[in-house]
Amino acid sequence: MSSFDRINNTYFNYINGEWIASESNKTEASTNPAKMDEVVGYFQKSTQGDLNKAVSSAKQAQQQWKKLTGNVRGDFLLKTASILESRVDEVAETMTKEMGKTFPEAKGETLRGVAILRYYAGEGLRSVGDVIPSTDSEALMFTTRAPLGVVGVITPWNFPVAIPIWKMAPALIYGNTVVIKPASETAVTCAKIIDCFASAGMPAGTVNMVTGSGSVIGQGLAEHPDVNGITFTGSNTVGKKIGQAALARGAKYQLEMGGKNPVIVAEDADLDLAVEATISGGLRSTGQKCTATSRVIIQSKVYEVFKEKLLAKVKEITVGDGMQEGIWMGPCANKNQLDTVLSYIEKGKLEGAALLYGGNRLQDGNTGSGYFAEPTVFENVNTNMVIAQEEIFGPVLVLMKVESIEEALSLANDVEYGLSASIFTTNISNMLSFINEMDAGLVRINAESAGVELQAPFGGMKQSSSHSREQGRAAIEFYTSIKTVFVK
Ligand code: NAD
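The rules behind these values
Residues numbered from 1 in each chain as written. Predicted model: local features only at pLDDT ≥ 70, side-chain atom pairs only at ≥ 80, totals over all residues. Heavy atoms only, no water. Near = heavy atom within 4 Å. Polar contact = N/O pair within 3.5 Å; in protein donor to acceptor, adjacent residues only side chain to side chain. Areas by Shrake-Rupley, 256 points an atom, 1.4 Å probe, with all protein chains shown as cover. Domains from an automatic or database assignment. Contact = heavy atoms within 4.5 Å. Salt bridge = Lys/Arg side-chain N within 4 Å of Asp/Glu carboxyl O. Helix = DSSP H or I, 4+ residues; strand = E, 2+ residues; numbered from the N terminus. Nonpolar A, V, L, I, M, F, W, Y, C, P; charged D, E, K, R; others polar. Phe/Tyr/Trp six-rings, centres within 6.5 Å; stacked < 30°, edge-to-face > 60°. Buried < 20%, exposed > 50% of the residue type's maximum accessible area, 1.4 Å probe, protein only.

### Regarding the site of the ligand
- Near the ligand, the surroundings consist of 27 residues, among which T155, S235, M257, C290 and E391 are the closest.
- A distance of 3.3 Å separates a nitrogen atom of the ligand from a polar backbone atom of G214.
- Here S235 contributes a side-chain N or O atom positioned 2.6 Å from an oxygen atom of the ligand.
- Contact with the protein chains hides 89% of the accessible area of the ligand, taken as 850 Å² for the molecule alone.

Structure (structure tokens):
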């Protein structure tokens, strides 16, 4: 059976090397946020029974998979990468239709997925341990790495190709098998990625996908006694539940969650560069990146000039269906997300922030049939306001005026999150203060807050993460356990 029933536009679960329907016989629709009445595809509304089958097949397959050498496992990832690369336009189009980001962005993300697979294929041939001098002259002591076993992967809709791949590729290369539960909004995109793994000939049971609700399949994965590690990216509310469920049964877990990321614009900054990066970091992907710029903290001397330059550029933003050429910003990914954004805008107004631009749902012509919000800018925002503290996850920027860099840093740190942060400055002392004082897992100088490179560690401080790191070589820390070996 293929991944897809063309007649009914329905995608299946992938369990033990086969595409199969859920035992529930029920499906759900994945719809296009730019055209509410367009169904992209139907996916399985799975049950605990489906999940149990997937976990059991992953558990069995892991016994053989872990015995393969790293380069053999790497070859499977290389084949998957080539297949995904050959399907880049199709996968990117599905992504745009399911969650709204523009087609060029979706294509860039899909190619990033290809690059991540190739990077982790190479990991199969890199060293995994250290030789440590023993106090016994006749002994050899070293460390090696053991896979966790079955890894449960729970992913959000905002990077529906990159996040599943940056979790699955390292899990697999280090000898684990995988059961993924993607976000329902992007279940079809995920089915297409899994189809690339399947077409690469991955042994049955090494990669499994079960779609369905978070509270049944996601929570079921977190609680399953045969799932040895859980890796999650998504909201803090859900992440905490998953962490508690994993902790309760002694499973390893990794949570990557929200952000409220600042950019500081110093009075010596290149203002045009800062404006470009603030708009790109804050509003690209409709502000729906965990690393999106949300708070813009500007030194008073350049505040007015920066504000005018920013507003001039924001006004040029074209909003519409991400499949259309010339569109820079797509819709919010679903109705719930649009309602959340609009409710934060109302809260901002009620709290006394000044709305400089935007603030409304867009509902005419090109945007009438989707979940579109205007790019929105507030000023006169103080740090205690809800819009300065909570993650909005939409196209909303708040401007805050400060006198000094010390004040800027104190404001930048005055939130519960610590994912990413930027500063625009030409002054080396400002740069060093920022590097030393900023409580964030990713600090960027003269670059937007939303840039992530696949070969470098990624993750947050404070409430943004469970304090582990993903991507780059750092991934080995989560997906393996260290084994210390003593040979006499
Ligand atoms: P979400 O937490 O609603 O959903 C994430 C995943 O969890 C989905 O697959 C969902 O079905 C599942 N889920 C929902 N309820 C569950 C439950 N009770 N038990 C187990 N799983 C459950 O998040 P979202 O709306 O899809 O994504 C947006 C959030 O993701 C934002 O907060 C954003 O900051 C965060 N995010 C973080 C990063 C990062 O790396 N730090 C990256 C991207 C997105």
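### Structural notes on the domain arrangement of the chain
- Here the chain is partitioned into domain 1 (4-257 + 465-487) and domain 2 (261-453).
- Contacts between the two partners involve 23 residues from domain 1, matched on the other side by 29 residues from domain 2.
- The interface formed by domain 1 and domain 2 holds one salt bridge in total.
- With its nearest N and O atoms 3.7 Å apart, the salt bridge here joins K35 to D321.
- Counting every contact that joins domain 1 to domain 2 gives eight residue pairs in polar contact (both at pLDDT 80 or more).
- Counting only elements with at least two residues in the side of domain 1 that touches domain 2, the list comes to strand 6 (35-44), helix 3 (88-99) and helix 4 (103-123).
- A total of five residues in the side of domain 1 that touches domain 2 trace back to one element, the largest contributor, which is helix 3.
- By residue class, the composition of the side of domain 1 that touches domain 2 is eight nonpolar, six polar and nine charged.

### Focus: the packing of aromatic side chains
- Inspection of the entire model under this criterion finds seven aromatic pairs.
- Ring geometry for W65 against F76: centres 5.6 Å apart, planes inclined by 50°, an arrangement best described as tilted. Remark: F76 occurs in helix 2 (residues 70-86) and W65 occurs in helix 1 (residues 48-65); sequence separation between them is eleven residues. Here the two residues W65 and F76 agree in accessibility, since each one is buried.

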